[in-house]
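# Observations on the three-dimensional arrangement
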Amino acid sequence: SQTIHQWPATLVQPVGSPLSLECTVEGTSNPNLYWYRQAAGRGLQLLFYSVGIGQISSEVPQNLSASRPQDRQFILSSKKLLLSDSGFYLCAWSLAGLRDTQYFGPGTRLTVL
Amino acid sequence: GIQVEQSPPDLILQEGANSTLRCNFSDSVNNLQWFHQNPWGQLINLFYIPSGTKQNGRLSATTVATERYSLLYISSSQTTDSGVYFCAVTNSGYSTLTFGKGTMLLVSP
């Protein structure tokens, strides 16, 4: 069966510091991968998605970036965090295809002080 | 882009009550999912239901694609049903989910 991991689970970082969040998927090959952010107030916002190694699509321009160095690894990064980057970051995967179910990881709660 | 509206935004129930959550969407969809976000933040898949009706235990869902809405039914609610319920859709031709703002459900003992 497939599993999705995210780490760290929680993170407190000062403004201006770098960020690296990691997501890995097990038990499947060539998945679509996604990064979402959930700010206080419930809504989920898609940040990036990837259909293959090195292929990243950005949905929202900001100071975050994403990379996919391996088939089942998706990394969210920032060179300098802003206060507004605080939130709950969720990684998800789906089988390759437009109509497939997305499955979410446990999330990383980021607080920028 | 496609708009997704969920109602009600908040719902308080006594344990054992039934409820219906609604999701309206503004365009045709080729993917519709219902999720439950538990108090720890985990998003749990409930249904993949771009059309038709499905049931899983005390939960069931119906999507009427031609009328652009979906309903999630919770019967005999339990305190563990508390959390936020999200509807999310994929518009034709795109692979990314658009989420509604959710319905926050609190089931009291």
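The preceding data block contains the structure.
Residues numbered from 1 in each chain as written. Chains lettered and ligands numbered in written order. Predicted model: local features only at pLDDT ≥ 70, side-chain atom pairs only at ≥ 80, totals over all residues. Heavy atoms only, no water.

### Re the overall build of chain A
Put simply, the rule reads: Here a strand is any run of E in DSSP of at least two residues, a helix any run of H or I of at least four, and the numbering for each starts at the N terminus. Using C-alpha atoms as the atom set, the radius of gyration is obtained and then compared with a globule rule of 2.2 Å times the number of residues to the power 0.38. Partly exposed describes any residue whose relative accessible area lies between the buried limit of under 20% and the exposed limit of over 50%, with all areas from a 1.4 Å probe on protein chains only and scaled to the type maximum. Note on contacts: a residue pair qualifies if any of its non-hydrogen atoms lie within 4.5 Å across the two residues. Positive charges come from Lys and Arg alone, negative charges from Asp and Glu alone, with His and the N- and C-terminal ends not counted. The atom standing in for a charge is NZ when the residue is Lys, CZ when it is Arg, CG when it is Asp and CD when it is Glu.
Counting secondary structure elements, chain A contains zero helices and 11 strands. Scanning chain A from its N terminus toward the C terminus, one meets helices and strands in the order β-β-β-β-β-β-β-β-β-β-β. Rg of the C-alpha trace for chain A: 13 Å, near the compact-globule value of 13 Å for 113 residues, within the 12% margin. Principal-axis analysis of the C-alpha atoms places the extent of chain A at approximately 40 × 25 × 20 Å. Out of the 113 residues in chain A, the part that is buried amounts to 48%. The long-range fraction of contacts in chain A, counting pairs at least 24 apart against all pairs at least 6 apart in sequence, stands at 55%. Treating the 8 positive side-chain charges of chain A as one cloud and the 6 negative ones as another, the clouds have centres 7 Å apart.

### Brief notes about the state of the cysteines
Where we set the bar: Working definition: a disulfide is two cysteine sulfur atoms within 2.5 Å of each other.
For the structure on display, the rule yields two disulfides over all chains. Here Cys23(A) engages in a disulfide with Cys91(A); their sulfurs sit 2.0 Å apart. Taking the torsion about the sulfur-sulfur bond, which here is approximately -75°, the covalent link between Cys23(A) and Cys91(A) counts as left-handed. Residue Cys23(A) is found in strand β3 (residues 19–26), and its partner Cys91(A) is found in strand β9 (residues 87–94); the two are separated by 68 residues along the sequence. Considered together, Cys23(A) and Cys91(A) belong to a single accessibility category, that of buried residues. The partner cysteine of Cys23(B) in its disulfide is Cys87(B), sulfur to sulfur 2.0 Å. Handedness here is read from the sign of the S-S torsion; for Cys23(B) and Cys87(B), about -60°, the answer is left-handed.

### Notes on the pairing of strand β11 (residues 108–112) of chain A
All names here are of chain A. Put simply, the rule is: At least two bridges found by DSSP between two strands are what make those strands a pair.
Along β11, the buried face is formed by Thr-108, Leu-110 and Val-112; none of Arg-109 and Thr-111, which line the opposite face, is buried. Where β9 and β11 come together, three bridges link them in antiparallel fashion. Bridging across to β11, Tyr-89 finds its partner in Thr-108.

### Section: the packing of aromatic side chains
Short version of the rule: Note on ring pairs: Phe, Tyr and Trp rings are taken, using the six-membered ring of Trp, and paired if centres are within 6.5 Å. Classes follow the plane angle, with under 30 degrees stacked, over 60 edge-to-face and the rest tilted.
Tallied over the full model, the rule gives 10 aromatic pairs over all chains. Centre to centre, the rings of Tyr36(A) and Phe104(A) are 5.2 Å apart; their planes meet at 45°, and the pair counts as tilted. On the criterion of sequence distance, the pair formed by Tyr36(A) in strand β4 (residues 32–38) and Phe104(A) in strand β10 (residues 103–104) is long-range, its members being 68 residues apart. We note that Tyr36(A), like Phe104(A), is buried. With centroids separated by 5.3 Å and ring planes inclined at 90°, the aromatic side chains of Phe104(A) and Phe35(B) adopt a geometry described as edge-to-face. A residue pair is termed interchain when its members come from two chains, as with Phe104(A) in strand β10 and Phe35(B) in strand β4 (residues 29–37).

### Here's the deal with the sheet that holds strand β7 (residues 64–70) of chain A
Residues and elements named next belong to chain A. This is how it is decided: Geometry is summarised by axes, namely lines fitted to C-alpha atoms with helices restricted to the contacting stretch, and by angles between N-to-C directions that run from 0 to 180 degrees.
Ordered in space as β1-β3-β8-β7, the four strands form an open sheet in which the pairing is antiparallel. Strand pairing shows two members of the sheet lacking a second neighbour, β1 (3–7) and β7, which therefore form its edges. Here the average twist between neighbouring strands, direction ignored, is 20°. Across five bridges, β1 lies against β3 in antiparallel orientation. By the bridge assignment for β3, Gln-6 is matched with Cys-23.

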